[in-house]
Amino acid sequence: MGREIKIDPVTRLEGHAKIAIFLDDKGNVEDSYFQIVELRGFEEFCKGRPVEEMPRLVTRLCGVCPWAHHIASAKAADGVFGVEPPPTGKKLREIGYLAHFLESHLEHIYALGPAPDFIVGPDADPAKRNLFGVIEKVGLEVGKKVIEHRAYAVRIEDMLGGKSTHPVYAIPGGVSHPITEEERDEIRKMGQSLVDFCLFTLDVVDKYILKNDRFLELIMSPDVYYHETHYISLVDDKNKVNFYEGDFRVVDPKGREILKFAPEEYLDHIAEHVEPWTYLKFPYLKDKGWHGFVDGPESGVMRSAPLGRLNASEGFTTPKAQAEYEKFFEFMGGKPVHNTLTYHWARAIECLYSAERIVELCDEPDITDRHVRNVPTPETYKGEGIAGIEAPRGSLIHHYRGDENGLITELNLIVATAFNYAGMNMSIKKAAKALIKNGKVDQGILNMVEMAFRCYDPCFSCATHSLPGTMPIKIDIFDKDGNLVDTIQRG
Amino acid sequence: MARKISLALKRGASCVGCDIAVVNLSQKLFDLLEIADIVFSPTLLDVKYDDLRKMPDKSITIGLYHGAVRNSDNEEFAKIMRDKCQVLIAYGACAHMGGIPGLANVSNREKIFQTVYKETFSTDNPKCVFPQTEWVDDRGHKLTLPEFYDEVYTLDDVVDVDYYVPACPPTHEMNMEILNLIKDWVEGKRDLPPKGTVIAREKTLCDECPRNPGKGKKITVEKLKYISEVEPDPEKCFLEQGILCLGPATRAGCGAPCIEANMPCRGCMGPTSFVMDQGGSMLSAIASILGISEDEIELSEEDIEKLVSQLKDPLGCFYRFSLPKSLLRKVVQDREV
Amino acid sequence: MSEENGKLNILVFTCNWCAYAGADLAGVSRLQMPTEFRQIRTMCSARVDPEFILYAFRNGADGVMVAGCHPGDCHYIGGNYRTRRRMALLKMLLQQFGLNPRRLRLEWVSAGEGQKFARVVSEFIEEIRKLGPSPYRKQGAKHGQENITCPEKRG
């Protein structure tokens, strides 16, 4: 008589997913499924819409990472119209985008994932496992600092994009408006403060997580949060991480480069697999083929986003982030690193890179130039555009085809979270299998199962600054006849 | 000291931007927490669906539902929220009018599934596997997914709604206004507005637009221009420049952030309550100013057709955020003959 | 509008100064024409808000005709200039909605054109008969909403 454990919905990661865990007769995990229950159909209803409107339409794919879609869409539209932004336009797009990375990553670090889970504790009192608990442990000053710095990132997004959520900045050929010198000074000042704050964040990671033996054990153990997969990242010609443009680089579980291709060639290397139990598709490496949710060099599964980017690249172009990158791999004992929990640390390093790069861009002499856009002409129109970028949560591809009137005929979107979806599914199963034994399930164990996918910061996360909340999870355990056998509640 | 009210947040087919809008209250979030306990919000808290189901009816003071009604889950929870909350607010453009997910009404379930799971360039699905509402794996485990409806509905299509907050997402100022309204109500200083009110201004965006050329200025559009063809002038009214802007058919109250960023309005606040159909209203406005000439009598009907065919994608443009709330609601199939 | 079996729902808007007078003339002259339509008089064809037409289709209209003064003859000078632009754009929109655009027709009928009125209306009804009932006839909003009502002015 097997049992089913349902986590519905998954929380502190948005409510449109659920987990079903099936136990065998002995009470051990037989199988688990991480189901995405939502679909809206952008790939269908964007057909017939003007290509130039796409950067404003696709932001509604996600209100947490609208900038990622906004930028990818503008780049794909650039391709369709056959224009490139002038240098200033490109740099401004990048500044807005980096500010978004900071907003998104900092939210996750302090309020959703590692801070509550590690600073307070993975099986600590659920009522404390949120930002308030974090503040209690590290002090009110930290809380204020977090809100203040996230607000800086939001302010930069507002200044450039008009609205931080659903910006109207990037358009075919550039951006909608330049910045003044005063604005540049303000952005630079905030950027510099963010650099310091990111260094502080890395310090927090070091002090509260890496120097804690128990957590270190959790991080290092190959039995719970560990998968040997391929990794993918967008890199420049020196293989350094670049969020905005470059080629996709894929490394195998041993860290060897096996692919490097321009986004325009993605169809040769990436395909999507469909399963009947979820609305989200699974991108995988075509070169390897889809062999299911398995690790290894022959599996098509790849992982993206912070850890994936660190593994698949040779570092960062900014000095402080590069130093942290090297420190990371030294500490972990070499490349690549398969330990899923280190996603959180990698995320913090990316924050530092973003902040440093904002300051760098502000120092460019042409950043306040008025020429921020190259207007397309009918002669330049190409009719097809493919954009590949790195979003906070993973690689992102937008591919548009437009007709002679500039209307979309077909499109393809491979979203960032999808790149990690197979990895997430596997991570939950492995953690569940390792932690749930002989039918014994309690709230601490359940939280540790959730920690498996929190690493990826799936694109249905939302920050919370406070909200003293309990972290209740209720598990109903049913027998095969659907009778309620047991109920576990925490919080 | 007034009692603390309770607040619940639930999303339908939403991008979560509306949750972020609440979070972006930033320091003001503490003001909110002084007067309200958030008792349910899967995005922000770990209260589960069963906990919500167990709460007594009408035990939650205010419920905010954002997102459109796209599937059976969305509908089920709209009804649960209606039962549990005394005041139910349709928060954001999607709950109000369908929003951008509402554009899916140009299609239907079958075509959406075909495109997403079979036809997109990178999808590899030779066995035509589609997501199932119910599916059993080879070990007898049953998995369910919510049923994807054939069309998108707004919140008030499925339940009785007390108030609406438009915009995509509601702006910080709008949220502050609502926060103050709730605060005053809780403290007995103000009544809540009449049921069914859209909590926003009744004027159109042109009223608060910084580029409004002023009374008495007549605007006519000789030739429509598109952002992909021109560099918008940052001072002039968009319509004056020939660039389509939905300001005349859209409520004011958002602060015109898009205009400030040098981009035209696309109507996310929805129409004023004097209008039945946002798209029809905008259609009428733009047609009325298109190429009115001295030699009108010389223009044939074909000339007029050519004039209006400058408009690309009227449906997607005029009904960007309001298709499910429009008069026609969705695309159909007619005979050719 | 009722949905009696086989009966078409056809609506004709006529402007007071030209088309309505023309329709009147057709009646007084006892010209033969089908009666399967309803007529609404407005002061000017420009008073016909596109929303009225959308509302009509929403509530089961199979065809809508708008009849006004010839360009140049509008009692209000330029009303029909707006009308023809709105109707042309509305046709484009209806087409996007999937409706056969022939379900919306614009005609210029002067006060003395009783014959023309009879002819164009007869033709239109015949055309709609061939097209059959509008696909919007059966589209109700979910949960019992058959027809929507005009929103009341909110204070």
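Looking up chain C in an unreviewed UniProt entry gives the name Hydrogenase iron-sulfur subunit, with the organism given as candidate division WOR-3 bacterium.

S.K.: Would you mind showing me how to read the overall build of chain A here?
M.R.: Per the secondary structure count, chain A includes 15 helices and 16 strands. In terms of its C-alpha atoms, chain A occupies a principal-axis envelope of roughly 70 × 50 × 40 Å. Burial statistics for chain A: of 491 residues in total, 63% are counted as buried. Long-range contacts, defined here as pairs at least 24 residues apart, represent 69% of the contacts in chain A between residues at least 6 apart.

S.K.: Quick question: what am I supposed to make of the overall build of chain C here?
M.R.: Helix and strand counts for chain C come out as 4 helices and 4 strands. Written out in order from the N terminus, the α and β elements of chain C read β-α-β-α-β-α-β-α. The 155 residues of chain C split such that 47% are buried. Long-range pairs, those at least 24 residues apart, make up 80% of the contacts in chain C with a sequence separation of at least 6.

S.K.: Please clarify how the domain arrangement of chain A should be interpreted in this entry.
M.R.: Frequently, the measure chosen for interface size is the accessible area removed from exposure when the parts meet. According to the domain assignment, chain A contains domain 1 (3-38 + 423-490) and domain 2 (43-375 + 410-422). Inter-centroid distance (C-alpha atoms) of domain 1 of chain A to domain 2 of chain A is 26 Å.

S.K.: Just to check I follow, could you spell out the interface of chain C and chain B for this structure?
M.R.: With 37 residues of chain C at the interface, the matching set in chain B holds 38 residues. Of the residues forming the side of chain C that touches chain B, the biggest block, 11 residues, is contributed by helix α3 (residues 79-96) of chain C.

S.K.: Explain the arrangement of the chains to me, please; I cannot follow it from the model alone.
M.R.: Most contacts, compared over the 2 pairs of chains touching, are made between chains A and B. Nowhere do chain A and chain C come into contact; their C-alpha atoms are at least 10 Å apart.

S.K.: So what exactly am I meant to see when it comes to the packing of helix α4 (residues 87-112) of chain A against helix α13 (residues 343-362) of chain A here?
M.R.: Two quantities define a packed helix pair, namely the angle between the helix axes and the distance between the axes. Residues and elements named next belong to chain A. Where α4 meets α13, the axes come as close as 9 Å, and the angle between the chain directions of the two elements is 150°. The angle between α4 and α13 places the two elements in the roughly antiparallel class. Two packed elements cross with a definite hand, and for α4 against α13 that hand is left-handed. Note on element contacts: α13 touches α4 through His344, Arg347, Ala348, Glu350, Cys351, Ser354, Ala355, Arg357, Ile358 and Leu361, opposite Lys91, Glu94, Ile95, Leu98, Ala99, Phe101, Leu102, His105, Leu106, His108 and Ile109.

S.K.: Help me out: how do you make sense of the packing of helix α11 (residues 305-312) of chain A against α13(A) in this one?
M.R.: Residues and elements named next belong to chain A. Contact pair α11 / α13: the axes reach a minimum separation of 7 Å and the direction vectors enclose 75°. In terms of axis orientation, α11 runs roughly perpendicular to α13. Where α11 abuts α13, its residues Ala305, Pro306, Leu307 and Leu310 lie against Tyr343, Ala346, Arg347 and Glu350. A breakdown of the residues in the contact of α11 with α13 according to their chemical character gives 6 nonpolar, no polar and 2 charged.

S.K.: Explanation requested: the environment of Thr368(A) in the structure shown.
M.R.: Residues and elements named next belong to chain A. Within the fold, Thr368 resides in the loop between α13 and β12 (384-391). Classification of Thr368 by C-beta neighbours within 10 Å gives partly exposed; the count is 18. Each residue touching Thr368, except ones within four places of it in the same chain, is listed here: Pro178, Ile179, Thr180, Glu181 and Arg184.

S.K.: I would appreciate a short explanation of the interface of chain A and chain B in the present structure.
M.R.: Each side of the interface is counted separately: chain A has 82 residues, and chain B has 75 residues. In terms of residue class, the side of chain A that touches chain B is built from 39 nonpolar, 24 polar and 19 charged.

S.K.: Just checking my understanding: could you explain the sheet that holds strand β2 (residues 38-42) of chain C for this structure?
M.R.: Within a sheet, each strand pairs with its neighbour through backbone hydrogen bonds, oriented either parallel or antiparallel. Residues and elements named next belong to chain C. An order of β2-β1-β3-β4 is seen for the 4 strands of this open sheet, with the pairing classed as parallel. Of all the strands in the sheet, just β2 and β4 (104-108) have a single pairing partner and so form its edges. For this sheet, the mean angle separating the axes of adjacent strands, direction not counted, is 20°. Note: strand β1 (residues 10-15) against strand β3 (residues 63-68), 5 bridges, orientation parallel. Residue Thr14 lies in a different strand from β3, and its bridge partner there is Ala67. In the packing of helix α1 (residues 19-28) onto the sheet, contacts are made with β1, β2 and β3, and the angle to β1 comes to roughly 115°. The strands that α3 touches are β3 and β4; relative to β4, the one it contacts most, it runs at about 160°.

S.K.: Explanation requested: the pairing of strand β13 (residues 394-402) of chain A in the structure shown.
M.R.: Across a regular strand the side chains alternate sides, sitting on one face of the sheet and then on the other. Residue and element names in this part refer to chain A. β13 sits mainly inside the fold: 9 of its 9 residues count as buried. The pairing of β12 with β13 spans 8 bridges and is antiparallel. Within the sheet, the bridge partner assigned to Glu390 lies in β13 and is Ser395. What sits between the antiparallel neighbours β12 and β13 is a turn of 2 residues.

S.K.: Would you explain the UniProt feature "domain: F420-non-reducing hydrogenase iron-sulfur subunit D" (unreviewed entry) in chain C in this entry?
M.R.: Residues annotated in UniProt with the feature "domain: F420-non-reducing hydrogenase iron-sulfur subunit D" (unreviewed entry) correspond here to residues 10-132 of chain C. Helix makes up 45% of residues 10-132 of chain C and strand 18%, whereas the separation of the span's terminal C-alpha atoms amounts to 11 Å.

S.K.: What exactly am I supposed to notice about unusual backbone geometry here?
M.R.: Residues other than glycine predominantly adopt negative phi, and peptide bonds predominantly adopt the trans conformation. Along the chain, Lys335(A) connects to Pro336(A) via a cis peptide bond; the corresponding omega equals -10°. By the secondary structure assignment, Pro336(A) is in the loop between α12 (319-332) and α13. Here Cys168(B) and Pro169(B) are connected by a cis peptide whose omega angle stands at -10°. For Ile77(C), which is not a glycine, the phi torsion comes out positive at approximately 70°.

S.K.: Just to check I follow, could you spell out helix α6 (residues 109-119) of chain B for this structure?
M.R.: Residue pairs three or four apart in sequence face the same way in an α-helix, which turns once every 3.6 residues. Among all positions in α6(B), only Ile112(B), Phe113(B), Thr115(B), Val116(B) and Tyr117(B) are buried. Projection of α6(B) onto a plane perpendicular to its axis shows the buried side chains occupying an angular sector of 165°, all on one side. Of the surrounding elements, those touching the buried residues of α6(B) are α1 (42-45) of chain A.

S.K.: What am I meant to see in the sheet that holds strand β11 (residues 302-303) of chain A here?
M.R.: Residues and elements named next belong to chain A. With mixed pairing, 4 strands are arranged side by side in an open sheet as β8-β7-β6-β11. Of all strands in the sheet, those bounded by a partner on one side alone are β8 (257-261) and β11. Taken together, the 2 bridges between strand β6 (residues 230-235) and β11 define a ladder with parallel strand orientation. Paired with Tyr231 across the two strands is Arg303, which belongs to β11. Sheet strands touched by α11: β6, β7 (247-251) and β11. Its angle to β6, the strand with the most contacts, is close to 80°.

S.K.: I'm lost on the confidence of the model for chain C in this one. Help?
M.R.: Where the model shows low pLDDT, its predicted coordinates should not be examined in detail. Residues and elements named next belong to chain C. Residues with a pLDDT of 70 or more make up 86% of chain C, whose mean pLDDT is 88. Note on residues 141-155: pLDDT is under 50 here. Beyond four places in sequence and across chains, it has 18 contacts. In the model output, the complex is listed with pTM 0.92 alongside ipTM 0.95.

About the cut-offs
Residues numbered from 1 in each chain as written. Chains lettered and ligands numbered in written order. Predicted model: local features only at pLDDT ≥ 70, side-chain atom pairs only at ≥ 80, totals over all residues. Helix = DSSP H or I, 4+ residues; strand = E, 2+ residues; numbered from the N terminus. Buried ≥ 20, exposed ≤ 12 C-beta atoms within 10 Å, placed from the backbone. Contact = placed C-beta atoms within 7 Å. Domains from an automatic or database assignment. Axes fitted to C-alpha atoms, helices over the stretch in contact; angles between N-to-C directions. Parallel < 35°, antiparallel > 145°, perpendicular 65-115°, else oblique. Left-handed = near helix turned anticlockwise from the far one by under 90°. Nonpolar A, V, L, I, M, F, W, Y, C, P; charged D, E, K, R; others polar. Pairing = 2+ DSSP bridges. UniProt positions renumbered as here; feature names shortened; annotations may be inferred. Arc of directions from axis to C-beta. pLDDT = per-residue confidence, 0-100.

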